[in-house]
Amino acid sequence: MKSAQAHLAWDESPQGVVLRLAGRLDVHTVSTVWGEALAGLKVRSGRPVRVDTSGVDYCDGAGVALVVDLLRQPRDPGAEVGLGETPEEVRRMLAPFDVRDFSGEAVPPQRGPGLKQHLANGLHDLGRYLYLQVAFVGEATAAMFHAARHPRQVRWRDALNLAQEAGANALPIVMLIAFLMGVILAFQSAVAMRQFGAEIFVANLVALSLLRELAPLMTAILLAGRSGAAFAAEIGTMKVNEEINALTTMGLDPVRFLVVTRVLAAVAVMPLLTLVANLVGLVGGAVVMKGFDIPFVTYFNQVTSAVTLSDLLGGLFKATVFGLLVAGVGCLRGLETRSGAAAVGISTTRAVVSAIILIVVADGVFAVVFYHLDI
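All of the points below concern the structure found in this document. Values in this document were obtained by computation on a predicted structure and should not be read as measured data.

1. Things to note about the overall build of the protein
Next up, step 1: Assigned secondary structure in the protein consists of 13 helices and 4 strands.
Next up, step 2: Relative to the 2.2 N^0.38 estimate, which gives 21 Å for 375 residues, the radius of gyration of the protein is 36 Å and therefore markedly larger than a compact globule would have.
Next up, step 3: Projected onto its principal axes, the C-alpha coordinates of the protein cover approximately 110 × 60 × 45 Å.
Next up, step 4: Burial status across the protein gives 40% buried among its 375 residues.
Next up, step 5: Across the protein, the fraction of contacts at a sequence separation of at least 24, relative to all contacts at a separation of at least 6, is 80%.

2. Observations regarding the side chain of Thr-29
Next up, step 1: Positionally, Thr-29 belongs in the loop between β2 (16–25) and α1 (31–43).
Next up, step 2: Take Thr-29: its relative accessible area is 4%, and that puts it in the buried class.
Next up, step 3: Within the structure, Thr-29 has its side chain in polar contact with the side chain of Asp-26 (distance 2.9 Å).

3. Concerning the environment of Leu-208
Next up, step 1: Counting through the fold element by element, Leu-208 comes out in helix α8 (residues 202–240).
Next up, step 2: For Leu-208, a relative accessible area of 30% puts it in the partly exposed group.
Next up, step 3: Not counting residues up to four positions away in its chain, the partners in contact with Leu-208 are Glu-213, Ala-306, Val-307 and Asp-311.

4. Overview of a nonpolar patch on the surface
Next up, step 1: There is a patch of nonpolar side chains on the surface, built from Ile-173, Leu-176, Phe-179, Leu-180, Ile-184, Val-283, Val-287, Phe-296 and Phe-300 and spanning about 740 Å² of accessible area.
Next up, step 2: Here Leu-180 lies in helix α7 (residues 171–194).
Next up, step 3: Classification of Leu-180 as partly exposed rests on a relative accessible area of 40%.

5. Considerations on the pairing of β2
Next up, step 1: Note that strand β1 (residues 6–13) and β2 share 8 bridges and pair antiparallel. Paired with Ala-6 across the two strands is Gly-23, which belongs to β2.
Next up, step 2: Since β2 and strand β3 (residues 49–59) lie parallel, the crossover through α1 that links them has a hand, and here it is right-handed.

6. Regarding the packing of aromatic side chains
Two descriptors summarise a pair of aromatic rings, namely the distance from one centre to the other and the angle between the planes of the rings.
Next up, step 1: Per the stated rule, a full pass over the model turns up 5 aromatic pairs.
Next up, step 2: Ring geometry for Phe-322 versus Phe-366: centroids 6.3 Å apart, planes at 70°, classification edge-to-face. Placement of the pair is Phe-322 in helix α12 (residues 309–335) and Phe-366 in helix α13 (residues 343–372), with a sequence separation of 44 residues. Residues Phe-322 and Phe-366 agree in their burial class; the two are buried.
Next up, step 3: Judged by centre distance (5.6 Å) and plane angle (40°), the ring pair of Phe-366 and Phe-370 falls under tilted.

7. Some thoughts on the pattern of salt bridges
Next up, step 1: Per the counting criterion, the structure on display carries 12 salt bridges.
Next up, step 2: The closest approach of N and O atoms between Arg-20 and Asp-52, which form a salt bridge, is 2.7 Å. Of this pair, Arg-20 sits in strand β2 while Asp-52 sits in strand β3, and the two are 32 residues apart along the sequence.
Next up, step 3: Residue Arg-226 pairs with Glu-165 through a salt bridge whose shortest N-O separation is 3.6 Å. Highlighted residues: Arg-226 in helix α8 and Glu-165 in helix α6 (residues 156–166), separated in sequence by 61 residues.
Next up, step 4: According to the relative accessible area criterion, Glu-165 is partly exposed, its value standing at 43%.

8. Quick look at the nonpolar core
Next up, step 1: Counting residues in each nonpolar core, the largest one holds 46 residues, and the members touching the most others are Phe-136, Val-259, Phe-322 and Ile-359.
Next up, step 2: Listed by contribution, the elements that provide at least two residues to this core are α5 (115–149), α6, α7, α8, α9 (243–249), α10 (254–291), α12 and α13.
Next up, step 3: The greatest single-element share of this core, amounting to 12 residues, is contributed by α10.
Next up, step 4: Counting 25 residues, the second largest nonpolar core, distinct from the first, contains Leu-19, Cys-59, Val-64 and Leu-66.

About the cut-offs
Residues numbered from 1 in each chain as written. Predicted model: local features only at pLDDT ≥ 70, side-chain atom pairs only at ≥ 80, totals over all residues. Heavy atoms only, no water. Helix = DSSP H or I, 4+ residues; strand = E, 2+ residues; numbered from the N terminus. Rg over C-alpha atoms; globule rule 2.2 N^0.38 Å. Buried < 20%, exposed > 50% of the residue type's maximum accessible area, 1.4 Å probe, protein only. Contact = heavy atoms within 4.5 Å. Polar contact = N/O pair within 3.5 Å; in protein donor to acceptor, adjacent residues only side chain to side chain. Patch = residues over 30% accessible without salt bridge, like charges linked within 9 Å, V, L, I, M, F, W, Y side chains within 5 Å. Areas by Shrake-Rupley, 256 points an atom, 1.4 Å probe, with all protein chains shown as cover. Salt bridge = Lys/Arg side-chain N within 4 Å of Asp/Glu carboxyl O. Pairing = 2+ DSSP bridges. Right-handed = clockwise from strand over helix to strand, strands pointing away. Phe/Tyr/Trp six-rings, centres within 6.5 Å; stacked < 30°, edge-to-face > 60°. Core = buried A, V, L, I, M, F, W, Y, C linked by side-chain atoms within 4.5 Å.

As structure tokens, then:
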């Protein structure tokens, strides 16, 4: 009859010490020998010890934990704990663990890459990133020229749906932000101008700021947060689900199939959204100026005398370029999506951040160019 308890015995000889475990090593019995085994190892810290489990009748996870704990005890050099005679069943249960952890051999610490390696990796990643950017710009430009030469091949229904999502559905938030922007700009300016009796010139400030800078800039940032992120998420999900590879297998160019429609939609709706933002922002400024005893007619007469057609067209041109940047960056980040649960979220975040940075940089370039062109 097999024992239902765990037993422990020490056999000492000039060649070393053998710790013999026998009986049933399960969750109910290992506690009776665990402490004694550790105490015995501590007493014999200067001698090598072999753990013999040939007498074990049954072993579950708790028994394996006991053996692993014994094998991983810190010991003096030359006095390591190792495995002795081990039944096949116990050996299979110990197989998932690293044998080097049981041998007592010191594992050399893993040294991280040095400064040169970090610089080399950074330069390699930068070069690869720039190559991917240039390659995507080239592919997108070629696809746009192909769409211009073969308009029948463009998926206009998808482009219209995307334009509705990016344009018509974005009108409420664009109008709200533009109105509040006009109100805040007019109020803050009027408070400062009032002490000089120059409240009427607030209309000039609001009109020029909105038409030339704020309306295109804020609309582009809103488009980046809404549509740019959506483009990256949609294409990124397709990339994770292997749908991009399926398009390539079927002989369809993903850039022509997915990017062109989104770029066309964004470029088409951005000037329209900016125009609406201009009008709503001016209305917000007019509402504030009414509170400063400036009639609506006087306000709008001052606006029309302060701005020119070049101010309006310059802002709309900037908005068109911003739309191109937002759509292009969103599609690029979507196509760069890697596998994994967090890949789509990472691509979406990168799309929004990259688009906003490019919008601000492009706006600065436009400011310098417009200044030198006297626009």
